[in-house]
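This is what each chain is made of:
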Amino acid sequence: MPSPCCQRKSLQLECENEAVEIEKQARRAREFEATMFTRILLLFLTFFFALSPSSARPPPFAMRISCGARENVNTPPTNTLWFKDFAYTGGIPANGTRPSFITPPLKTLRYFPLSEGPENCYNINRVPSGHYSVRMFFGLVAEPNFDSEPLFDVSVEGTQIYSLRSGWSNHDDEQAFAEAVVFLTDGSASLCFHSTGHGDPAILSIEILQVDENAYNYGPEWGQGIILRTANRLSCGAGKPKFDEDYSGDHWGGDRFWNPITTFGQSSDRSLSVETSIKQASVAPNFYPEALYQTALVSTDTKPELEYTLDVDPNRNYSVWLHFAEIDPSVTGVGQRVFDILINGDVEFRGVDIVRMSGDRYTALVLNKTVTINGRTLTITLHPTSGSHALISAIEVFEVIITESKTLPDEVRALQTLKSTLGLPLRFGWNGDPCVPQQHPWSGADCQFDSNSSKWVIDGLGLDNQGLGGFLPNDVSQLRHLQSINLSGNSIHGVIPSSLGTIASLEILDLSYNFFNGSIPESLGQLTSLRRLDLNGNSLSGRVPAALAGRLLHRASFNFTDNAGLCGIPGLPTCGPHLSAGAKIGIGIGVSVAFLLIVTCLVCWWKRRQNILRAQRIAARDAPYAKARTHFSRDVQMIRHHGQDHTRTAAESGPILLS
């Protein structure tokens, strides 16, 4: 049995170990609390900064152009910036007249004479991919002898969205501009104006304003293949026309124009307005201004129904957006105002209770329905079913337009190259897309829809007798769907590009009566579909390719006459020894080298001859002096020789004896 002393020591050691363990647990607890506090603090800070203005959504892209302006312009009352005119394909700047008081207060415009082509565009680059509201205001040229009201068509990204109607300049509403919500996905925006023969298109301003990616999403059929053209936009009960900017609206709304309407018909309704704040107004994705819901039209006892009728184009789809907020102080709860909504007599919304559906009074409610209209009017009817009156704050109506498929980009670039190299006259235009809108294809270019690529392609060029010059570029081969080319009767010069032989679908090639020179490319013999080839009336030379000559036996029609240098088939002169292009180049190089050698030898011989003649002249000039020097040297040598002989004789005689 351990002694009491040992027991005390053991107990003391256990107590110390237990104290250490307790301290460790306390330290772990403090560390855990510190970690949790840090995490909570970080979470709080993240949430705080997420709500702070510094991390708010960045402002949307906005591009406003004052057409015809040479300097940037700022306009009242919001000091809006308009960039000076740029990105146009042609036209003439001029002073402009505003046809409507809602038109921006700008003083210039750009008009497009028919002499510069039936299609003219603004091609604006460096536009970020996204969803945009695009708006163009029309103007009147402030000069004499101009049609006071031009009529023309408008397209966006190759899709026609609007046709100006007679009398548009006399209306202070949406007829003064064209507006559409469209997706721009290729970094640019193409806005084109198509002449219809009734005056010259005149554009006062262009706006490209970014909106939310999901703005005006009306359902499963909505997406990048859809354009929504504004047919009408009404602020019910309001007394003045306003833009979103005037309402201090969110810029992501696109600065919409709201046309005021104080009544749908005489004694059929009354206006109502409040200053109470409206909840759930300026929210994504459409960001409507709050003030839009602070006015409304309310039906009366005399006519309990509210009814609005809009003229539209028949056989089109329209997206209708209806706005409500219960701002009538006499309605205090659910069930006190209930009505059905009919469009052209069909009930589209049944039992609409604004308070119930929005969640409260003074709260915004938006309803949307897309319908097909077969007639020429769209009628919206609000029919009360509980309570005696109907109410509405605003109405938006959009025409739903399916976007056109564009032309293959490579083929568009090839046509633009042809336009430049052939010196295409301005009257052709050739701006925008060659094939769309289908109402306005380019003159001289035939289009066909390619189901494989879902794009338009060029299958024919008809530019005969158009006064063209320049040369035919190799890029013509990028038009790989061509079946027919007719460039006859022009003044095109240079060689026939061998790249034509790569257009496998080509059936007709008519280059007659131009100034083409050189030989016929061997590659044309590869065109197995070619059944007509007219090269007559040019300055071609050399042997007709054998592959083409063989095609004459397969009912192909070829014409090579009036080319003095061509040979090799019946009807043309007989060719001499035929040399390939490589052999001709080799011979040319050999002749050039031989000529250089002969010239070099002649130069060397001539220099040598000149040196010999120079030496002979010098020798002839110095001859007398040389002869004298020769005689003198000989005399000196003789004297020296004589002296040496005399000396030797004396020595041989022995010493002289002196007496």
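As the structure is a computational prediction, the values presented were derived from the model and not from experiment.

K.L.:
Which residues make up the pairing of strand β19 (residues 306–311), and what values go with them?
P.N.:
Where burial is concerned, the two faces of β19 differ: the one with Leu-306, Tyr-308 and Leu-310 is buried and the one with Glu-307, Thr-309 and Asp-311 is not. Relative to strand β24 (residues 377–386), β19 runs antiparallel, the two sharing six bridges. Bridge pairing links Thr-309 to Thr-379 in β24.

K.L.:
So what's going on with the state of the cysteines? Which residues, and what values?
P.N.:
In total, this model carries three disulfides according to the counting rule given. Disulfide pairing places Cys-121 opposite Cys-192 at an S-S distance of 2.0 Å. Taking the sign of the S-S torsion, about 100 degrees here, the bridge from Cys-121 to Cys-192 comes out right-handed. With Cys-121 in strand β6 (residues 119–125) and Cys-192 in strand β12 (residues 188–198), the pair connects residues that are 71 residues apart, well separated along the chain. With a sulfur-sulfur separation of 2.1 Å, Cys-435 is cross-linked through a disulfide to Cys-447. With the S-S bond torsion at -90 degrees, the cross-link from Cys-435 to Cys-447 turns out left-handed.

K.L.:
Give a description of the packing of aromatic side chains that names residues and reports values.
P.N.:
All chains considered together, the criterion is met by 22 aromatic pairs. Residues Tyr-88 and Tyr-122 carry aromatic rings whose centres are separated by 6.2 Å and whose planes lie at 75 degrees to one another, so their mutual orientation is edge-to-face. Of this pair, Tyr-88 sits in the loop between β3 (80–82) and β4 (92–97) while Tyr-122 sits in strand β6, placing them 34 residues apart in sequence. Tyr-88 sits in the partly exposed class, given a relative accessible area of 37%.

K.L.:
Help me get a handle on the sheet that holds strand β22 (residues 346–352), residues and values and all.
P.N.:
As summarised here, the arrangement of the four strands in space is β19-β24-β21-β22, forming an open sheet in which the pairing is antiparallel. The open sheet terminates on both sides in strands that have one partner only, identified here as β19 and β22. Recorded for the sheet is a direction-independent mean angle of 15 degrees between the axes of neighbouring strands.

K.L.:
Report on the environment of Phe-398, specifying residues and quantitative values.
P.N.:
One can find Phe-398 in strand β26 (residues 394–402). Setting aside chain neighbours within four positions, we find Phe-398 in contact with Tyr-216, Leu-228, Arg-229, Thr-230, Ala-231, Arg-233, Asn-317, Tyr-318, Ser-319 and Trp-321.

K.L.:
Please set out the pairing of β6 residue by residue, giving values where relevant.
P.N.:
Buried residues dominate β6, accounting for five of its seven residues. Alignment of β6 against β12, held across seven bridges, turns out to be antiparallel. Bridge pairing in β12 links Asn-120 to Phe-193.

K.L.:
Can you break down the side chain of Thr-421 residue by residue, with the values?
P.N.:
Looking at the secondary structure, you find Thr-421 in helix α3 (residues 409–421). Residue class for Thr-421 comes out buried when judged on its relative accessible area of 16%. In this view, Thr-421 contacts Gly-469, Gly-470, Phe-471 and Pro-473; residues no more than four positions away in its chain are not counted.

K.L.:
Before we move on, can you summarise the sheet that holds strand β18 (residues 295–299) with the specific residues and values?
P.N.:
Strands sit in the order β17-β18-β25 across an open sheet of three strands; the sheet is antiparallel. Single-partner strands in this sheet number two, and they are β17 (269–273) and β25 (391–392). Across five bridges, the pairing between β17 and β18 is antiparallel. Bridging from a neighbouring strand, Arg-270 pairs with Val-298 of β18.

What counts, and at which threshold
Residues numbered from 1 in each chain as written. Predicted model: local features only at pLDDT ≥ 70, side-chain atom pairs only at ≥ 80, totals over all residues. Heavy atoms only, no water. Buried < 20%, exposed > 50% of the residue type's maximum accessible area, 1.4 Å probe, protein only. Helix = DSSP H or I, 4+ residues; strand = E, 2+ residues; numbered from the N terminus. Pairing = 2+ DSSP bridges. Disulfide = S-S within 2.5 Å. Phe/Tyr/Trp six-rings, centres within 6.5 Å; stacked < 30°, edge-to-face > 60°. Axes fitted to C-alpha atoms, helices over the stretch in contact; angles between N-to-C directions. Contact = heavy atoms within 4.5 Å.

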